[in-house]
Amino acid sequence: MIRIAVLYPDLLGTYGDGGNAQVLECRARWRGLEVAVAQVLAGDEVPDADLYLLGGGEDGPQARAADLLQRDRGLHRAVDRGATVFAVCAGYQILGHHFISSDGSATPGLGLLDVETVRTDERRAVGEVLAEVVARGWTAVPTLTGFENHGGRTRLGAGVEPLAHVEYGVGNGEDATEGAVAGNVVATYLHGPVLARNPGLADALLERVVGSPLAPLNDERIALLRDDRLALRP
Amino acid sequence: MALTTRLRRRVAVWGMDLVNATSRVLRRGSGTVAGGHLALRIDPNLLRSLTEGADVALVSGTNGKTTTTALLTQALRTAREVATNDTGSNMTTGHVATAAHAAPNAVVVLEVDEAYLAKTAVWTTPRVVVLLNLSRDQLDRASEVRMVAEKWRTMCSTTTATVVANADDPLIVYAASAASSVVWVAAGSSWNLDAVGCPSCGGHIAFGDDGWACGHCAFRRPMPSVACRADDGDLEVALDGVLYRHPFSLPGAFNRGNAALALAAASILGAAPEQAIAALVEVKSVAGRYSHEVVDGRQVSLLLAKNPAGWSSLFEVVAGNGDPLVLSINARTADGADPSWLYDVPFEVLRGRTVVATGDRRHDLSVRLHYAEVDHAVDDDQRAAITRAATPGRPVTFIGNYTAFGALVAEVRG
Ligand SMILES: [Zn+2]
């Protein structure tokens, strides 16, 4: 049984982020794997799970989610025992040491990724992204396509690797990197249903949990969407 | 008014009309934007001076602005002359074009973009402000929905208007409860994902059959004084203790809510409710929405939905019939460039239906339907999609987002 926990969809679910859980659930179930998705609302205890998802959110809810997860410690314990975490946008920023709230103050994050999110004078990064996966152990994942929408810029520390190299778009905003990976914790600025546009990344996450390669699926519909988006390639 | 002020206003309006007439002749847009820009550069205070002394009603919200403005206009015309921006120009340029040509005693009824409401209220000193609903919409370019609610709350705390507000939407109640005069309308809501967190204290709002309440503070649904319900296609509105009932052709619970809000606003502005409701039920289609057209020999019902709340409420409308569906998604500037919101729409309810995906972003929609496990076809042409969906003896329902809908209406109406 694959246990997926969606953390605080009531706080971190602004951009169709629920889609990622649905994609993982379908891709497991379509292969005959047993899977259960738990929606963990703000204030509920973080349960034991194999795969945790964090989505995007507005500034206020983002700070509240960080505070609740810090007190709960359940996600920290899960990372210690090797659970897989996939975080998007505001959820990505929460995993780092600090992030910046709308009033400009630095809010403490969970410290689960060695990254720091700062605010710069540059304008908000909004638009399509294409990025080549470079993180060790993840390079079999084909080119990432997605949409980003964030004000902060994220600096990577020595304890993480970039997930990908940006070909089109902004990403972390430094060194043309995008996202961050440390162990089984994976984070990206490609928000919302990024796993719908990147079935290779969805399957790589599932394979981490299952521990073995997965059977292929019929992804014809998704291939047409990917062709459409990859046409942005410079 | 000083002579120079009047002169400036006259020059501004004259310039606006000239530019607008030219752009209409050249068929560039609806012909209110370019001239409005010019006029506002000549006289930045134009909207204030043009509406001075006039009765003004403002209508805003994420969904239903155009329809509610049309219903209110129709209701008010039973009692008074009305000037309204029915061209879809719901920002300041459109407002000055409307106000400049209002008859001396006309009520000026303005549909207002959410982001423009606060300043429009300062410039026009409205008598009535109608607040419909707030939910996520075009997050790649619009403000986050809670920031809009905060701005509206500040506007409500200073306005002298009577605010006619939807009691079923917590974000609207948060904004409107700051006003000194509020008429609460039970207008309904089919979307509460954006209001699960209490805007007042950050706690949890629980939604039940008899309303909603925060579990942590005193923030709860206010007791409405206007309510509506439907029965066999009739619109029933209870207003000031009287029940009004008329056959009503616009579909959906949300349109009955829009009608109730419009009726409440019309009665504040001097319309007799009995005449007003009889008039507003005559509205059968609004800027192409809810219209029935023949496209390449097929009967087609046209519906517009721009965001998750809009799509969800239309799915309630189509749930009852088995008509084939054509769904069309674009992501042009007016739609928002990011179709991530498709994953907030409950497409799962369409399982078992005939569905054809089309529009610029048909492949995004197709993947969404794939994960919703809805069998479907894909066609790159909207009209071909309608032909493909058609089943003998059944009308096709077309639902498009903003520019997709506009393109089809323009094509079938020539
Ligand atoms: Zn509360």
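Residues numbered from 1 in each chain as written. Chains lettered and ligands numbered in written order. Predicted model: local features only at pLDDT ≥ 70, side-chain atom pairs only at ≥ 80, totals over all residues. Heavy atoms only, no water.

S.K.: Is there a simple way to explain the overall build of chain B in this structure?
M.R.: Each helix and strand in chain B was counted, giving 14 helices and 17 strands. On C-alpha atoms alone, chain B measures out to a radius of gyration of 21 Å, which is about the 22 Å that the 2.2 N^0.38 rule sets for 414 residues. The principal-axis extents of the C-alpha atoms in chain B amount to approximately 65 × 55 × 40 Å. The buried share among the 414 residues of chain B stands at 57%. Long-range contacts, defined as pairs at least 24 residues apart, comprise 65% of the intrachain contacts of chain B with a sequence gap of at least 6. (Helix = DSSP H or I, 4+ residues; strand = E, 2+ residues; numbered from the N terminus. Rg over C-alpha atoms; globule rule 2.2 N^0.38 Å. Buried < 20%, exposed > 50% of the residue type's maximum accessible area, 1.4 Å probe, protein only. Contact = heavy atoms within 4.5 Å.)

S.K.: I keep staring at the nonpolar core and nothing clicks. Help me out?
M.R.: Burial of nonpolar side chains together is a common tendency in soluble globular proteins. Judged by nonpolar contacts, the single largest core of 135 residues is most densely connected at Tyr52(A), Leu75(A), Leu95(A), Leu280(B), Trp311(B) and Phe347(B). Among the elements that line this core, the one with the most residues is helix α9 (residues 253-268) of chain B, at eight residues. Residue assignment places this core across two domains, with domain 1 (53-280) and domain 2 (292-413) of chain B each supplying three or more. Once you skip the residues sitting within four places of it in the chain, Leu95(A) turns out to touch Leu54(A), Leu75(A), Val85(A), Ala87(A), Leu110(A), Gly111(A), Leu112(A), Leu113(A) and Val185(A). (Core = buried A, V, L, I, M, F, W, Y, C linked by side-chain atoms within 4.5 Å. Domains from an automatic or database assignment.)

S.K.: What am I meant to see in the domain arrangement of chain B here?
M.R.: One frequently used descriptor of interface size is the decrease in accessible area upon assembly of the parts. Residue and element names in this part refer to chain B. For chain B, the assigned domains are domain 1 (53-280) and domain 2 (292-413). Put simply, the middle of domain 1 and the middle of domain 2, counted by C-alpha atoms, are 27 Å apart. Every contact between the two is made by 13 residues of domain 1 and, on the other side, 17 residues of domain 2. Seen at the junction of domain 1 and domain 2, the total is one salt bridge. Here Arg136 ties to Asp344 by a salt bridge, and the two come within 2.9 Å at their closest N and O atoms. In this assembly, domain 1 and domain 2 are joined by three residue pairs in polar contact (both at pLDDT 80 or more). When its residues are assigned to classes, the side of domain 1 that touches domain 2 shows three nonpolar, six polar and four charged. (Salt bridge = Lys/Arg side-chain N within 4 Å of Asp/Glu carboxyl O. Polar contact = N/O pair within 3.5 Å; in protein donor to acceptor, adjacent residues only side chain to side chain. Nonpolar A, V, L, I, M, F, W, Y, C, P; charged D, E, K, R; others polar.)

S.K.: Just checking my understanding: could you explain the confidence of the model for chain B for this structure?
M.R.: Should pLDDT be low for a region, the predicted coordinates there are not to be read in detail. Looking at chain B as a whole, the pLDDT averages 92, with 96% of positions reaching at least 70. ipTM for the predicted complex: 0.97, alongside a pTM of 0.91. (pLDDT = per-residue confidence, 0-100.)

S.K.: Help me understand the interface of chain A and chain B in this model?
M.R.: At the interface, 33 residues of chain A touch 27 residues of chain B. Summed over both sides, the interface of chain A with chain B buries roughly 2700 Å², with 53% coming from carbon and sulfur. Three residues, Gln22(A), Glu58(A) and Arg221(A), lead the burial of chain A against chain B; their summed loss comes to 24% of the area buried on that side. Counting across the interface, chain A meets chain B through two salt bridges. With a closest N to O distance of 3.7 Å, Glu128(A) and Arg361(B) form a salt bridge. Summed over the shared surface of chain A and chain B, the result is 14 residue pairs in polar contact (both at pLDDT 80 or more). Those elements giving two or more residues to the side of chain A that touches chain B turn out to be α1 (18-29), α2 (59-72), β8 (125-133), β9 (144-150), α5 (194-197) and α7 (220-230) of chain A. When the residues that make up the side of chain A that touches chain B are grouped by side-chain class, the tally is 13 nonpolar, nine polar and eleven charged. (Buried area = accessible area lost by both parts, 1.4 Å probe.)

S.K.: Help me understand the environment of Leu263(B), please; the structure alone is not making it clear to me.
M.R.: Residues and elements named next belong to chain B. Here Leu263 shows up in helix α9. A relative accessible area of 1% places Leu263 in the buried class. Residues Leu263 and Val33, spaced 230 residues apart in sequence, show a C-alpha to C-alpha distance of 30 Å. Non-local contacts of Leu263, meaning those with residues more than four positions away in its chain, are made with Val237, Leu239, Pro273, Ala276, Ile277 and Leu280.

S.K.: Would you take a moment to explain the pattern of salt bridges for this structure?
M.R.: It is possible for side chains bearing opposite charge to pair when their charged atoms get close. Residues and elements named next belong to chain B. Overall, the coordinates contain 35 salt bridges over all chains when judged by the stated rule. A salt bridge links Arg221 to Asp168; the nearest nitrogen and oxygen atoms lie 2.6 Å apart. In this pair, Arg221 is assigned in the loop between β8 (211-214) and β9 (226-231) and Asp168 in the loop between β5 (162-166) and α8 (170-176), connecting sequence segments 53 residues apart. Judged by its relative accessible area of 22%, Arg221 falls in the partly exposed class. Residue classification places Asp168 among the buried positions, given a relative accessible area of 16%.

S.K.: Got a minute to help me understand the side chain of His376(B) in this structure?
M.R.: Along the chain, His376(B) falls in the loop between α12 (362-371) and β16 (377-378). Given a relative accessible area of 11%, His376(B) falls into the buried group. A distance of 2.8 Å separates a polar atom in the side chain of His376(B) from a polar atom in the side chain of Ser366(B). In this structure, His376(B) is in contact with Arg221(A), Val355(B), Ala357(B), Ser366(B), Leu369(B) and His370(B), ignoring residues within four places of it in sequence.

S.K.: Just to check I follow, could you spell out the side chain of Asn63(B) for this structure?
M.R.: Residues and elements named next belong to chain B. Counting through the fold element by element, Asn63 comes out in the loop between β1 (56-60) and α4 (65-76). Of the residues examined, Asn63 reaches a relative accessible area of 16% and is grouped as buried. When near neighbours in sequence (up to four residues on either side) are disregarded, Asn63 contacts Leu132, Asn133, Ser135, Asn307, Ala309 and Gly310.

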